[in-house]
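Structure assessment
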Amino acid sequence: MNDPLTIRRLYGRRQGHPLRAQQAALVEETLPALSVPDQGPLDAEMLFGRDMPLAIEIGFGKGEHMGWQAANAPEMGFIGCEPFLDGMVGALMQVRDRNLSNVRLHLGDALEVLERLPDATLDRAWLLHPDPWPKARHAKRRFMNPGPIGLLARKMKPGGEFRFGTDHPVYVRWAMMVMAGVPQFEWLVEGPKDFLVRPDDWPETRYEAKARAKGHEVWYMKYRRTDANS
Ligand SMILES: C[S@@+](CC[C@H](N)C(=O)[O-])C[C@H]1O[C@@H](n2cnc3c(N)ncnc32)[C@H](O)[C@@H]1O
């Protein structure tokens, strides 16, 4: 099944508790200028006003990881996608506190953004602790499925790097199966430490911290976009 539309419906929460006045003001005052435009093709020029390498984070949660990456790669443009409004507030705080000018934000489904990027555009992509949907009957809701991952593969440049992290044993097995079926991605692994030890340039996300606090193992997977086209 290669249709990204299989997860077109967003199943997670979009809003938790109502925003506090200060948070609502941050959203109103800063999100419009940083938002990915609603329609039309997307590229670095239209998002950042100049040509630059592009990266995407799918489901950035509260945005700490994206904030760190964007601060450490000021010459790369970051597109953060997250439908959860509380998460968006976190990302806006990252942009403000780290004084970032290389981040654009999409309050919604990452697929909507991916579809509008030209093929072979992205240098980097992250999918960190995606919602696990552990029940087999909900497996189609997982972002890690041939449709969405095939779309991501098309949008990545050969040589680009895709990182995926999870602490969920069902999801990690499923992900390895899905990724093994995508020749456009080569797993960058030589031994167990490559997926068991968090790389220095992979800051801990909120979900990872929660997982570690519960004593869970966490898996860190890196993939390189190959030259293969199908
Ligand atoms: C379990 S949380 C992990 C958040 C963060 N990556 C972390 O590691 O702390 C998964 C996040 O993915 C978001 N999400 C789910 N489906 C998505 C989609 N199709 N596009 C973008 N974000 C999505 C959810 O709203 C949620 O915030």
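Residues numbered from 1 in each chain as written. Predicted model: local features only at pLDDT ≥ 70, side-chain atom pairs only at ≥ 80, totals over all residues. Heavy atoms only, no water.

1. Let's talk about the site of the ligand
For the record, the criterion: Residue proximity to a molecule or strand is established when one non-hydrogen atom of the residue lies within 4 Å of it. Identification of polar contacts relies on pairs of N or O atoms within 3.5 Å, with a donor-acceptor requirement for protein atoms, meaning one able to donate a hydrogen and the other able to accept it, and with residues adjacent in sequence counted only if both atoms are side-chain atoms. Accessible surface area values rest on a Shrake-Rupley calculation with a 1.4 Å probe, where residue burial reflects the displayed protein chains alone.
Close to the ligand lie 17 residues, the nearest being Gly59, Glu82, Ala110, Leu128 and Thr205. Between an oxygen atom of the ligand and a side-chain N or O atom of glutamate 82, the distance comes to 2.6 Å. Note that a nitrogen atom of the ligand is positioned 3.0 Å from one of the side-chain N or O atoms of aspartate 109. For the ligand, whose unbound accessible area comes to 600 Å², protein coverage reaches 91%.

2. Overview of the sheet that holds strand S7 (residues 219-225)
Selection criterion: Strands are treated as partners if at least two bridges between them are detected by DSSP. The numbering of helices and of strands both runs from the N terminus, where a helix is a DSSP run of H or I of at least 4 residues and a strand a run of E of at least 2. To get an axis, fit a line to the C-alpha atoms, keeping to the stretch in contact for a helix; angles then go from 0 to 180 degrees between the N-to-C directions. Only heavy atoms matter for contacts: two residues are in contact if any of them lie within 4.5 Å across the pair.
Read across the sheet, seven strands follow the order S3-S2-S1-S4-S5-S7-S6 without closing on themselves; strand pairing throughout is mixed. Across the chains shown, the open sheet's two edge strands, defined by having one partner strand only, are strand S3 (103-106) and strand S6 (185-187). Along the sheet, successive strands turn relative to each other by an average axial angle of 20°, direction set aside. In terms of strand pairing, strand S4 (residues 122-128) meets strand S5 (residues 156-166) through six bridges, oriented parallel. Across the sheet, arginine 124 pairs through a bridge with glutamate 161, a residue of S5. Contacting strand S1 (54-58), S4, S5, S6 and S7, helix H6 (residues 146-155) crosses the sheet at an angle of about 140° to S5.

3. What about unusual backbone geometry?
Across the chain, the bulk of peptide bonds are trans and the bulk of non-glycine residues have phi less than zero. Worth spelling out the cut-off: In this scheme, a residue with accessible area under 20% of its type's maximum is buried, one over 50% is exposed, and one in between is partly exposed, where area comes from a 1.4 Å probe on protein chains only.
Of note, the phi angle at asparagine 99 is positive, near 60°, even though the residue is not glycine. Here asparagine 99 shows up in the loop between helix H4 (85-98) and S3. Classification of asparagine 99 by relative accessible area gives exposed; the value is 70%. With phi around 40°, tryptophan 133 is a residue other than glycine that occupies positive phi space. The topology assignment puts tryptophan 133 in the loop between S4 and H6.

4. Considerations on the pattern of salt bridges
Keep this limit in mind: When a carboxyl oxygen of Asp or Glu is within 4 Å of a side-chain nitrogen of Lys or Arg, the pair counts as a salt bridge.
On inspection of all chains with the given rule, the structure shows twelve salt bridges. When the shortest N-O distance is used, the salt bridge between lysine 155 and aspartate 119 registers 2.7 Å. With a gap of 36 residues between them, lysine 155 in helix H6 and aspartate 119 in the loop between helix H5 (110-114) and S4 connect regions that are remote in the sequence. Between lysine 193 and aspartate 194 there is a salt bridge, with the nearest N and O atoms lying 3.7 Å from each other. Judged by its relative accessible area of 60%, lysine 193 falls in the exposed class. In this structure aspartate 194 comes out as partly exposed when scored by relative accessible area, which is 26%. Linked through salt bridges whose partners overlap, the residues forming this network are Arg124, Glu161, Arg163 and Asp201.

5. Let's talk about the nonpolar core
Our working rule: Remark: nonpolar core denotes a set of buried residues (Ala, Val, Leu, Ile, Met, Phe, Trp, Tyr, Cys) joined through side-chain atoms within 4.5 Å.
In terms of nonpolar packing, the biggest core is built from 38 residues, with Ile56, Leu114, Met144, Ile149, Leu152, Phe162 and Phe185 touching the most fellow members. In terms of residue count, the dominant contributor to this core is helix H7 (residues 169-180) (five residues). With near-sequence residues (within four places) excluded, methionine 144 lies in contact with Leu127, Ile149, Phe162, Phe164, Tyr171, Trp174, Ala175, Val178 and Met179.

6. Here we look at the UniProt feature "binding site: substrate" (unreviewed entry) in the protein
To keep things clear, this is the line we draw: UniProt positions are given in the numbering used here, feature names are shortened, and annotations may be inferred rather than shown by experiment.
UniProt feature "binding site: substrate" (unreviewed entry): in the numbering of this structure it lies at Lys135, Asp167, Thr205, Arg206, Tyr207 and Glu208. The greatest C-alpha distance among the residues just named is 23.9 Å, and with 74 residues of sequence between them they are spread in space as well. Tracing the chain through its elements places lysine 135 in the loop between S4 and H6. Overall, the relative accessible area of 45% leaves lysine 135 in the partly exposed class. Of note, tyrosine 207 is situated in helix H9 (residues 206-213).

7. Points about the UniProt feature "binding site: S-adenosyl-L-methionine" (unreviewed entry) in the protein
Here the UniProt feature "binding site: S-adenosyl-L-methionine" (unreviewed entry) sits at Glu57, Glu82, Asp109 and Asp131. A maximum C-alpha distance of 14.2 Å among these annotated residues, which run over 75 residues, shows that they cluster at one spot. For glutamate 57, the position within the fold is in strand S1. With residues up to four places along the chain from it excluded, the contact list for glutamate 57 reads His65, Met66, Ile79, Gly80, Cys81, Trp126 and Leu128. Of note is the side chain of glutamate 57, whose polar atom sits 3.4 Å from the backbone nitrogen of methionine 66. Tracing the backbone through its elements, the reader meets glutamate 82 in the loop between strand S2 (77-81) and H4.

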